[in-house]
Amino acid sequence: MMDKKRILVVEDNKDNLTLILDLLESLDYATVVAGDGEQAMTLAREAPPELVLLDLSLPLMDGWTVARKLKDDADLKHIPIIALSAHAMLGDKEKALEAGCDDYVSKPINIRELSLKLAQRLS
Amino acid sequence: MQPADMVIALWVALGLSLAYNVYQALKRSQLAKRLDIGAEQTEQLERFRHELRNVRSELANETQVVETLKRQLSEEGKTRSTFLDHMSYFVRSPLNLIIGYSDMLMSGIYGDIPEPQRAKLIVIHRSGNDLLKYFSDMLELHRLEIGSIELKLRPVAVQPLFERVAVEGAKGDRRGAVEIKQDIEADIGNLFADEKRVEQVLTHLVSNAVRFTRKGTVTLGARTVKVKDGKSDGFTFPMLGWLRDGEWIILTVSDTGVGIPSEAQASIFETFYQVARDQTDEQKGIGLGLAIAKRLIELHRGVIWVKSSEGQGSTFFIALNTHRNIRATDTQERLLMNEAKS
């Protein structure tokens, strides 16, 4: 049996986190969780995941900074990042892509949209 | 020479000299008068100069006051938009959970949902989405009203814009009974506009048109019009007087739907306006979309209006600046806009 793909989920809100973890589990992905930006960097360096699902408003270090740092690291920059944000404002997507995120999903998370994007990035 | 002749000659000479003297005196007095006037005028000129200096220094003071006010206003605007950003975040987060979890439950991730419960979940999900849309629209309208939305003006090509709008606008057509057509004038120039905002307005108009056209056609049109002294070449419309001289692009969204009653046409761009008629839930909006559209177009210094007759469809018109026009006549304004942006 093939190993499950590992996704690092960076999200500080417990309810949001449960929702995302439930979805990822149902899609048969393995998950690692970071509650803030600094922890996300530590975990990513310890054991690089296959994808990062990154909330943008985070304590200690915001999502844009995390994205920039991951893409500045020669060992980690190949990992695809999908940004998640409740700021569904015009221009927010551009800001996330500028920071180095590979894709963007706005909250409320559309199950079909996120499943599709995960499958694309992890195939 | 006879003595009598000499007397006459003497008289003539005397007369001539007298006349000459009188003439000279008259001339002197006129000159003096003119000189007097000259002096008066000089004095007046001095007074004007003095006043001008006063006005100038007053104006400089006023300018300073205006600058200070402008700074204060923009700081106040920033504080207010930070407040709105926070409020927005704290409303959206729980709403996103309501929508997200009801969606997940319906998808069967947590096990099969029996039909009666499923129907209630659909209502929760739809209501959550409606509330989110309502909240976002309110927030956007408020931002437009306090002037905290800034346009990113750049050249925009019409054709690709229409392609995206047609795809996005067709999403509400569940029965697939509405055809979306495009009618673009050949060699049309670029718009000078905020692409995302114009796309937002057009998408709203097309979705509306699709909703109110049960079966038929929605046409996206674009043509150029030259306006001079409040007149245009072969295209008349009620708002012509509002447009400055130059080249404009008129974008249109026409449908073959139910139309808008004439008494309602003046009010549809007002906040919360709903055309009073029997509507299915699907057709009901919250009445903010057109108010937002109007403000966004006016922020572009453009004009939006509607022509419709009941039962025979509606056409929405949007007049926007062309890139050519901006380059030719509007450099100053563009510079100001750029300045305001930075």
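For the structure, see preceding data.
Residues numbered from 1 in each chain as written. Chains lettered and ligands numbered in written order. Predicted model: local features only at pLDDT ≥ 70, side-chain atom pairs only at ≥ 80, totals over all residues. Heavy atoms only, no water.

(A) Representation of the overall build of chain A within the structure. When helices and strands are counted, chain A shows five helices and five strands. Sequence separation of at least 24 residues holds for 60% of the intrachain contacts in chain A that already meet a minimum separation of 6. When the accessible surface of chain A is totalled, it reaches about 6,000 Å², and 49% of it is carbon and sulfur. (Helix = DSSP H or I, 4+ residues; strand = E, 2+ residues; numbered from the N terminus. Contact = heavy atoms within 4.5 Å. Areas by Shrake-Rupley, 256 points an atom, 1.4 Å probe, with all protein chains shown as cover.)

(B) Examining the packing of aromatic side chains more closely. All names here are of chain B. In this structure the tally under the stated criterion is two aromatic pairs over all chains. Where Phe269 meets Phe316, the ring centres are 6.2 Å apart and the plane angle is 90°; that geometry is what we call edge-to-face. Residue Phe269 is found in the loop between helix H5 (262-265) and helix H6 (289-299), and its partner Phe316 is found in strand E8 (residues 314-321); the two are separated by 47 residues along the sequence. Comparing Phe269 with Phe316, the two get one shared label, buried. (Phe/Tyr/Trp six-rings, centres within 6.5 Å; stacked < 30°, edge-to-face > 60°. Buried < 20%, exposed > 50% of the residue type's maximum accessible area, 1.4 Å probe, protein only.)

(C) Quick peek at the interface of chain B and chain A. Each partner contributes to the interface: chain B provides 18 residues, whereas chain A provides 20 residues. Together, the buried faces of chain B and chain A total about 1,700 Å²; carbon and sulfur atoms form 64% of this surface. Viewed at the interface, chain A and chain B are joined by two salt bridges. Residue Glu94(A) pairs with Lys196(B) through a salt bridge whose shortest N-O separation is 3.7 Å. (Buried area = accessible area lost by both parts, 1.4 Å probe. Salt bridge = Lys/Arg side-chain N within 4 Å of Asp/Glu carboxyl O.)

(D) Quick peek at the pairing of strand E6 (residues 246-255) of chain B. Residue and element names in this part refer to chain B. Within E6, 10 of the 10 residues are buried, leaving the element largely enclosed by the surrounding structure. One ladder, built from 10 bridges, connects strand E4 (residues 216-228) with E6; its direction is antiparallel. Looking across to E6, one finds that Val225 is bridged to Trp248. (Pairing = 2+ DSSP bridges.)

(E) Summary view of helix H2 (residues 37-46) of chain A. All names here are of chain A. Regarding H2, the residues found buried are Gly37, Ala40, Met41 and Ala44. Projected onto a plane normal to the axis of H2, the buried residues spread over an arc of 100° and lie on a single side. N-capping of H2 is provided by Asp36, with a side-chain oxygen placed 2.9 Å from the backbone N of Glu38. (Arc of directions from axis to C-beta. Polar contact = N/O pair within 3.5 Å; in protein donor to acceptor, adjacent residues only side chain to side chain.)

(F) Region of the structure containing the pattern of salt bridges. Scanning the entire structure with this criterion turns up 19 salt bridges over all chains. Across the pair Arg164(B) and Glu199(B) runs a salt bridge whose closest N-O atoms are separated by 2.9 Å. Of this pair, Arg164(B) sits in helix H3 (residues 158-169) while Glu199(B) sits in helix H4 (residues 195-212), placing them 35 residues apart in sequence. Put simply, Asp103(A), Glu113(A), Lys117(A) and Arg121(A) are held in one network by salt bridges that share partners.

All quantities given are derived from atomic positions and should not be read as evidence of function.
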